[in-house]
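Below are the chains, spelled out letter by letter.
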Amino acid sequence: MSGTYLTPDAAFTELQDGAALQAARTYAKYTIPSLLPRQVEVGTRESTRTCAPSIGATLVNNLVAKLVDLLFPVQTPFFSLSFSPEMIKRIQDDGLISQAEAEDRLVELARAAKRRLDANQGRARMMLALSHLIIAGNCAIHRDQKANTLRVLGMGNFVVQRDNIGRVIQAVVKEQNFYKALPPDIKEALAGTGKSYNDRSKVDMYQWVDLEWKPKQAGYRVSYWVDSVQYKPSEWYPEKTCPWFFPVCNLIPGEHYGRGYVEHYGPDFQMLAELSAAQLSYALKMLEVRWFADPASGTRIDDLAKSVDGSVLSGAPSMVAPVELPGGQKLSVVMDLVQQALIRLQKPFMYTGEVRAADRVTAYELQRDDREAGQLLGGVYSTLASEVQEPLAYLLVSEVDKAFEVHVISGNIQASVVTGSPALGASTEVDSLLEATQQIAAAIPVAQLDARVDSKRVVDVILRGKSIPPSLIMYTPEEQRANEEAAAAQQQAQAAQLEASTAVDQAAALGQVLGQ
């Protein structure tokens, strides 16, 4: 593998960034602590109790849910495929299939790829991935083509090294498993180490992803290790179809790990957590009651302290009074500060309290939310689209059609993947076309009342007003002439058939007359 490190455990130790991991865990503590536990070990459970308010988790979960609806719409594929100009020219020159048929094939590929993502809780895995990216800024995603599943791992399970443009140079994914759960081939590899294992032994398993160039083609070699022993041959994948990819939320040039969206608003989350904890502690203290008895009341304090409901005590009740902790005004100040922090966080995390079923969201609402996300999240939204959608698109399409991967590797097909709001543009064009047809249906009868109005020009004006070029849906001059010629030929054929039928009828009538 990489010339610097001989084993993946050495690479994992060397490449781990303690400062980045600690920062990510701090922001997870303010939002969803269970996302990044301090100990990542099979068979163990770490307590993640915290004094942070649940509103941090509510804000993050709300934003993640909206981003999943935007990035992975229920109704339509989350990406679209388009041929490069060179490929379009090749299709036209070959003449084996029309350009329209080729584009229809791309549409069907995108739809089939979406169906694979929807299976086996694909959207749920994407929600987990986006939670990691929003909070910690990093995650590792693995696509298992055979099982049609996705796995998402947090920063405690992987390390990564990037070059100056952010491309992954190498990454090491570390997981633990019980010896009893290992398949026979891995147990056989461990037998050669000389170590003894039992069914309850825990073993470290690594997948080492290393950048490796082939002629004019970048890719990644993935090797598989268990306790520093490689247990099966490594595999090479093209860069765009490697099953492992490591998206980031916000990558600073020169850094290996991304930063989360929560970090942008870290002071407000910290204040929200600390003030909420103080508010709770102070409110609990205010609920405590102390009883004061006048010495002249004759009440025995020990008997009063030990008494239970229904006890009979001697003394004057008017000379025994409860006293509560004062300070309600201070609590109101703290509550105001908490409310102010919450108000500041609501807008950037798109929190309105309104919830709609994903399958009932209209195309207009998707476009509106998409614009809002772009405005509020800035470049973060575009980064998430390119970091998560594009690798998934290539992986899913290559699963649907193996020839797609072969052509991408060889360079015969240069397909561009359009993600984010441009991918939603297809449904928007359909909506615009529907609106245009409704306006045309209303305008043409009025235009026909005036002989000076050209109905065809009216149609063109309405289509262009909806940003739809008339040539997109209308016949070309060549196609129109061909249609006219076909219609004329059909009329001639019908006239000839009618003439022949008339001649036959006349001959039959003449025969009957002569027969009489």
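Chemist: How do you make sense of the overall build of the chain when you look at a structure like this?
Modeler: Along its length, the chain carries 16 helices and twelve strands. Considering only intrachain contacts with a sequence separation of at least 6, the fraction spanning at least 24 residues in the chain is 68%. As displayed, the chain offers around 29700 Å² of accessible surface, 54% of which is attributable to carbon and sulfur atoms.

Chemist: Hey, could you run me through the packing of helix H5 (residues 99–118) against helix H12 (residues 379–400) in this one?
Modeler: A pair of packed helices is characterised by two quantities: the angle between their axes and the separation of those axes. Viewed as axis vectors pointing N to C, H5 and H12 meet at an angle of 100°, and their least axial separation amounts to 9 Å. Here H5 is positioned roughly perpendicular relative to H12, judged by the angle of their axes. Note on element contacts: H12 touches H5 through Leu-392, Leu-396, Val-397, Glu-399 and Val-400, opposite Leu-109, Ala-112, Ala-113, Arg-116 and Leu-117. Taken together, the residues of the contact of H5 with H12 sort by class into eight nonpolar, no polar and two charged.

Chemist: What is the right way to look at the sheet that holds strand E6 (residues 202–214) in this model?
Modeler: Backbone hydrogen bonds are what pair the strands of a sheet, in a parallel or an antiparallel way. Strand order in the open sheet formed by five strands is E4-E5-E6-E7-E8, and the pairing between neighbours is antiparallel. Two strands in the sheet have a free side with no partner beyond their single neighbour: strand E4 (158–162) and strand E8 (229–238). The average undirected angle you get between the axes of adjacent strands in this sheet is 15°. Where E4 lies against strand E5 (residues 168–178), five bridges are found, and the strand directions are antiparallel. Pairing of Val-160 across the sheet is with Ala-171, part of E5. Running over the sheet, helix H7 (residues 184–191) touches E6, strand E7 (217–226) and E8 and is turned about 125° from E8.

Chemist: Would you mind showing me how to read the packing of helix H3 (residues 55–71) against H12 here?
Modeler: Relative orientation of the contacting elements H3 and H12 amounts to 60°, with a least axis distance of 11 Å. As judged from the angle between their axes, H3 and H12 are oblique. Seen along the crossing, H3 lies across H12 with a hand that is right-handed. For the pair H3 and H12, the contacting residues are Leu-67, Leu-70 and Leu-71 in the first and Tyr-381, Leu-384, Ala-385 and Gln-389 in the second. Its residues assigned to classes, the contact of H3 with H12 comprises six nonpolar, one polar and no charged.

Chemist: Just checking my understanding: could you explain the pattern of salt bridges for this structure?
Modeler: Once the charged atoms of two side chains with opposite charge are near each other, the side chains can pair. Across all of its chains, the model carries 13 salt bridges by this definition. Close ionic contact of Glu-399 with Arg-116 constitutes a salt bridge, the shortest N to O distance being 2.7 Å. Here Glu-399 is found in helix H12, whereas its partner Arg-116 is found in helix H5, with 283 residues between them in sequence. Here Glu-399 falls in the buried class, since its relative accessible area comes to 11%. Residue Arg-116 is classed as partly exposed on the basis of its relative accessible area of 24%. Here the salt bridges share partners, and the residues they tie into one network are Arg-116, Arg-143 and Glu-399.

Chemist: How do you make sense of the environment of Thr-299 when you look at a structure like this?
Modeler: Along the chain, the position of Thr-299 falls in the loop between strand E10 (289–293) and helix H9 (301–306). For Thr-299, a relative accessible area of 16% corresponds to the buried category. Along the backbone, Thr-299 and Val-320 are 21 residues apart, and their C-alpha atoms lie at a distance of 8.3 Å.

Chemist: What is the right way to read the pairing of E4 from this model?
Modeler: Consecutive side chains along a regular strand alternate between the two faces of the sheet. The buried fraction of E4 amounts to four of the five residues, a majority that puts the element mostly inside the structure. Hairpin remark: E4 followed by E5, antiparallel, with five residues in the connecting loop; positive phi at Gly-166, about 95°.

Chemist: Looking at this structure, how should I read the packing of aromatic side chains?
Modeler: Aromatic rings considered in pairs are described by the distance between their centres and by the relative angle of their planes. In total, this model carries eleven aromatic pairs according to the counting rule given. Pairing Phe-158 with Phe-246 gives two aromatic rings, centres 5.7 Å apart and planes at 40°, and the pair type is tilted. Here the residue Phe-158 occupies a position in strand E4, and Phe-246 occupies one in the loop between strand E9 (244–245) and helix H8 (266–287), the gap between them amounting to 88 residues. Seen from their ring centres, Phe-269 and Phe-349 are 5.4 Å apart, and the 80° between their planes marks the pair as edge-to-face. Taken together, the positions of Phe-269 in helix H8 and Phe-349 in the loop between helix H10 (328–346) and helix H11 (363–377) put the pair 80 residues apart, joining distant regions of the chain. A single burial state applies to Phe-269 and to Phe-349, both of which are buried.

Chemist: Honestly, empty space enclosed by the protein in this entry has me stumped. Any pointers?
Modeler: To find the voids left in a structure, one rolls a probe of water-molecule size over its atoms. Inspection of the entire model under this criterion finds two cavities of 30 Å³ or more. What the largest cavity holds in volume is close to 40 Å³. For the largest cavity, the full set of lining residues is Phe-72, Pro-73, Thr-76, Phe-78, Lys-114, Leu-117, Asp-118 and Arg-123. No other element matches H5, which puts three residues into the lining of the largest cavity. Looking at side-chain class alone, the lining of the largest cavity contains four nonpolar, one polar and three charged residues.

Chemist: I would appreciate a short explanation of unusual backbone geometry in the present structure.
Modeler: Peptide bonds are mostly trans, and most non-glycine residues show a negative phi. You will see that Gln-121, though not glycine, has its phi angle at about 60°, which is positive. Note that Gln-121 resides in the loop between H5 and helix H6 (122–135). Backbone geometry at Asn-148 places phi at a positive 55°, although glycine is not the residue there. With respect to the helices, strands and loops of the structure, Asn-148 is situated in the loop between strand E2 (140–144) and strand E3 (149–153).

Chemist: I'm lost on the sheet that holds E3 in this one. Help?
Modeler: Spatial ordering of the open sheet is given by E3-E2-E9, a layout of three strands whose pairing is antiparallel. Lying at the two open borders of the sheet, with one neighbouring strand each, are E3 and E9. Docked against the sheet, H6 engages E2 and E3, running at close to 20° with respect to E3.

Chemist: Help me out: how do you make sense of the side chain of Asn-138 in this one?
Modeler: Among the secondary structure elements, Asn-138 is positioned in the loop between H6 and E2. The exposure class assigned to Asn-138 is buried, which follows from its relative accessible area of 1%. At 3.2 Å, the side chain of Asn-138 forms a polar contact with the backbone oxygen of Ala-136. Within polar-contact distance, the side chain of Asn-138 engages the backbone nitrogen of Gly-258 at 2.6 Å. When sequence neighbours within four positions are dropped, the list of residues in contact with Asn-138 reads His-132, Leu-133, Met-155, Phe-158, Pro-247, Val-248, Tyr-257 and Gly-258.

Parameters and conventions
- Residues numbered from 1 in each chain as written.
- Predicted model: local features only at pLDDT ≥ 70, side-chain atom pairs only at ≥ 80, totals over all residues.
- Heavy atoms only, no water.
- Helix = DSSP H or I, 4+ residues; strand = E, 2+ residues; numbered from the N terminus.
- Contact = heavy atoms within 4.5 Å.
- Areas by Shrake-Rupley, 256 points an atom, 1.4 Å probe, with all protein chains shown as cover.
- Axes fitted to C-alpha atoms, helices over the stretch in contact; angles between N-to-C directions.
- Parallel < 35°, antiparallel > 145°, perpendicular 65-115°, else oblique.
- Nonpolar A, V, L, I, M, F, W, Y, C, P; charged D, E, K, R; others polar.
- Pairing = 2+ DSSP bridges.
- Left-handed = near helix turned anticlockwise from the far one by under 90°.
- Salt bridge = Lys/Arg side-chain N within 4 Å of Asp/Glu carboxyl O.
- Buried < 20%, exposed > 50% of the residue type's maximum accessible area, 1.4 Å probe, protein only.
- Phe/Tyr/Trp six-rings, centres within 6.5 Å; stacked < 30°, edge-to-face > 60°.
- 1 Å grid on protein atoms, 1.4 Å probe; cavity = no way out; pocket = protein on both sides within 12 Å on 5 of 7 lines; lining within 4 Å.
- Points joined across faces, edges and corners; volume = space filled by probe spheres on them.
- Polar contact = N/O pair within 3.5 Å; in protein donor to acceptor, adjacent residues only side chain to side chain.

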